[in-house]
Amino acid sequence: MISIVDYGIGNVGSVANMLKHVGAPVHLAFTRDEVASAKALLLPGVGHFGHAMSMLHSLGLVDVIRHKVLAERTPILGICLGMQLLGTHSEEGDAAGLDLIPARFTKIVPDEGSELKVPHMGWNLVSVKRPNPILAYEGEQRFYFVHSYKAECDRPQDVLGTTVHGAEFCCAYGRDNVYGVQFHPEKSHRFGMELFRRFVEFAC
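This one's a predicted model, so the numbers in the text were calculated from it and none came from an experiment.

Enquirer: Looking at this structure, how should I read the overall build of the protein?
Expert: When helices and strands are tallied, the protein shows six helices and 13 strands. For the protein, the spread of C-alpha atoms along the principal axes amounts to about 50 × 35 × 30 Å. Put simply, of all contacts in the protein between residues at least 6 apart along the chain, 69% involve residues at least 24 apart. Split by element, the accessible area of the protein, about 9,000 Å² in all, is 51% carbon and sulfur. Side chains of the protein give 19 positive and 22 negative charges; the mean places of these two sets differ by 5 Å.

Right, here's the structure in full:
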């Protein structure tokens, strides 16, 4: 069973549908008790980092998520803003994250005179850096992105995948039971389905 944390921000329906498509039982977790009883967690998100953290705090979910992941070693996957929330801090709202992966998020800033567009939006290639539970370690993979902030990991070994938009940056990170991806697997067709299938196999 995959419990999707539904804290009022994110395309929960699309994520749930994709998980069901790969044969995973899905549950929407709204309350502390529902998160506390989860066997595996998925944290989606679209929007502003600071507002998202405020919502998690107001619902009393921050400490229970941290306990589940750090003490009980419950598997968790963060998607897009959800990946950012797993980190330590974001410039967006100058807010602290869940601090499950030591990483900071900074705004993508084009060089002076560059025609680079921000937000980074559309399909892009992902280069997988090492074997891991969620991304296949062979072949070309393309995923759909919509974001304006990028991860800067404290530990290079946590970087699982990178992409290039102006410069190369981390777009997938993780270790042990904590994983996050900056792109949207629920919008990424067969590549996204494979990622969800692999996470379900790992988590369940």
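Enquirer: Could you clarify how one ought to interpret the pattern of salt bridges in this entry?
Expert: Side chains carrying opposite charge are able to pair once their charged atoms draw close together. All chains considered together, the criterion is met by 10 salt bridges. Residues D176 and R73 are paired through a salt bridge, measuring 3.5 Å at the closest nitrogen-oxygen approach. Of this pair, D176 sits in the loop between β12 (167-175) and β13 (178-181) while R73 sits in the loop between α4 (62-71) and β4 (76-79), and the two are 103 residues apart along the sequence. Residue R73 is classed as partly exposed on the basis of its relative accessible area, which comes to 44%. Residues E201 and R197 are paired through a salt bridge, measuring 3.4 Å at the closest nitrogen-oxygen approach. With E201 and R197 both in helix α6 (residues 189-203), this residue pair falls four residues apart, about one helical turn. Here the salt bridges do not stand alone but share partners, grouping R155, D158 and R175 into one network.

Enquirer: Quick question: what am I supposed to make of the UniProt feature "active site" (unreviewed entry) in the protein here?
Expert: Taking the UniProt record as the reference, the feature "active site" (unreviewed entry) is found at C80, H184 and E186. Spanning 107 residues, the named residues nonetheless gather at one spot, since no C-alpha pair among them exceeds 10.6 Å. For C80, a relative accessible area of 6% translates into the label buried. In this structure, C80 is in contact with G45, V146, V181, Q182, F183 and H184, ignoring residues within four places of it in sequence.

Enquirer: Which parts of the structure should I look at to understand the nonpolar core?
Expert: Side chains of nonpolar character tend, in soluble globular proteins, to be buried together. In this structure, Y7, I65, L85, L98 and Y173 are the most contacted members of the largest nonpolar core, which totals 35 residues. Contributing elements (two or more residues each) for this core: β3 (41-43), α3 (49-58), α4, α5 (81-86), β7 (103-107), β10 (149-153) and β12. With sequence-adjacent residues up to four places away left out, I65 is seen in contact with V5, V35, L56, I76, L98 and L100. Of all hydrophobic cores here, the second largest spans 32 residues; its members include V12, M18, L195 and F196.

Enquirer: Just checking my understanding: could you explain the packing of aromatic side chains for this structure?
Expert: Each aromatic ring pair is specified by the distance between its two centres and by the angle formed by the two planes. Considering all chains together, one arrives at six aromatic pairs under this definition. Put simply, the rings of F143, F145, F183 and F191 touch in pairs and so form one group of aromatic residues.

Enquirer: When you look at the environment of P131 in this model, what are you seeing that I'm missing?
Expert: Positionally, P131 belongs in the loop between β8 (120-128) and β9 (141-147). In the structure, P131 is positioned 29 residues away from L160 in sequence and 7.9 Å away in space, judged by C-alpha atoms.

Enquirer: What is the right way to look at the side chain of S148 in this model?
Expert: Along the chain, the position of S148 falls in the loop between β9 and β10. Contacts of S148, omitting those with residues within four sequence positions, involve T106, K107, I108, V118 and P119.

Enquirer: Is there a simple way to explain the UniProt feature "domain: Glutamine amidotransferase" (unreviewed entry) in the protein in this structure?
Expert: Per the UniProt entry, the sites bearing "domain: Glutamine amidotransferase" (unreviewed entry) are residues 4-199 in this numbering. From the first C-alpha to the last, residues 4-199 spans 13 Å; its make-up is 27% helix and 32% strand.

Enquirer: Any chance you could explain the state of the cysteines here in plain terms?
Expert: Two cysteines joined by a covalent bond between their sulfur atoms form a disulfide. Inspection of the entire model under this criterion finds zero disulfides. Unpaired in this structure, C171 has its nearest cysteine sulfur neighbour in C170, at a distance of 6.4 Å. Residue classification places C171 among the buried positions, given a relative accessible area of 0%.

Enquirer: Just checking my understanding: could you explain α6 for this structure?
Expert: Residues three or four positions apart in an α-helix share a direction because the helix packs 3.6 residues into each turn. Taking 1.5 Å of rise per residue, the 15 residues of α6 would be expected to cover 21 Å, and the 21 Å separating its terminal C-alpha atoms lies within 8% of that figure. Those residues of α6 that sit buried are F191, G192, L195, F196, R198, F199, V200 and A203. Looking at the buried residues of α6, the elements they touch are β1 (2-5), α1 (12-21), β3, β4, β9 and β13.

The rules we used
Residues numbered from 1 in each chain as written. Predicted model: local features only at pLDDT ≥ 70, side-chain atom pairs only at ≥ 80, totals over all residues. Heavy atoms only, no water. Helix = DSSP H or I, 4+ residues; strand = E, 2+ residues; numbered from the N terminus. Contact = heavy atoms within 4.5 Å. Areas by Shrake-Rupley, 256 points an atom, 1.4 Å probe, with all protein chains shown as cover. Lys, Arg positive; Asp, Glu negative; His and termini not counted. Charge placed at Lys NZ, Arg CZ, Asp CG, Glu CD. Salt bridge = Lys/Arg side-chain N within 4 Å of Asp/Glu carboxyl O. Buried < 20%, exposed > 50% of the residue type's maximum accessible area, 1.4 Å probe, protein only. UniProt positions renumbered as here; feature names shortened; annotations may be inferred. Core = buried A, V, L, I, M, F, W, Y, C linked by side-chain atoms within 4.5 Å. Phe/Tyr/Trp six-rings, centres within 6.5 Å; stacked < 30°, edge-to-face > 60°. Disulfide = S-S within 2.5 Å. Expected span 1.5 Å × (residues − 1).

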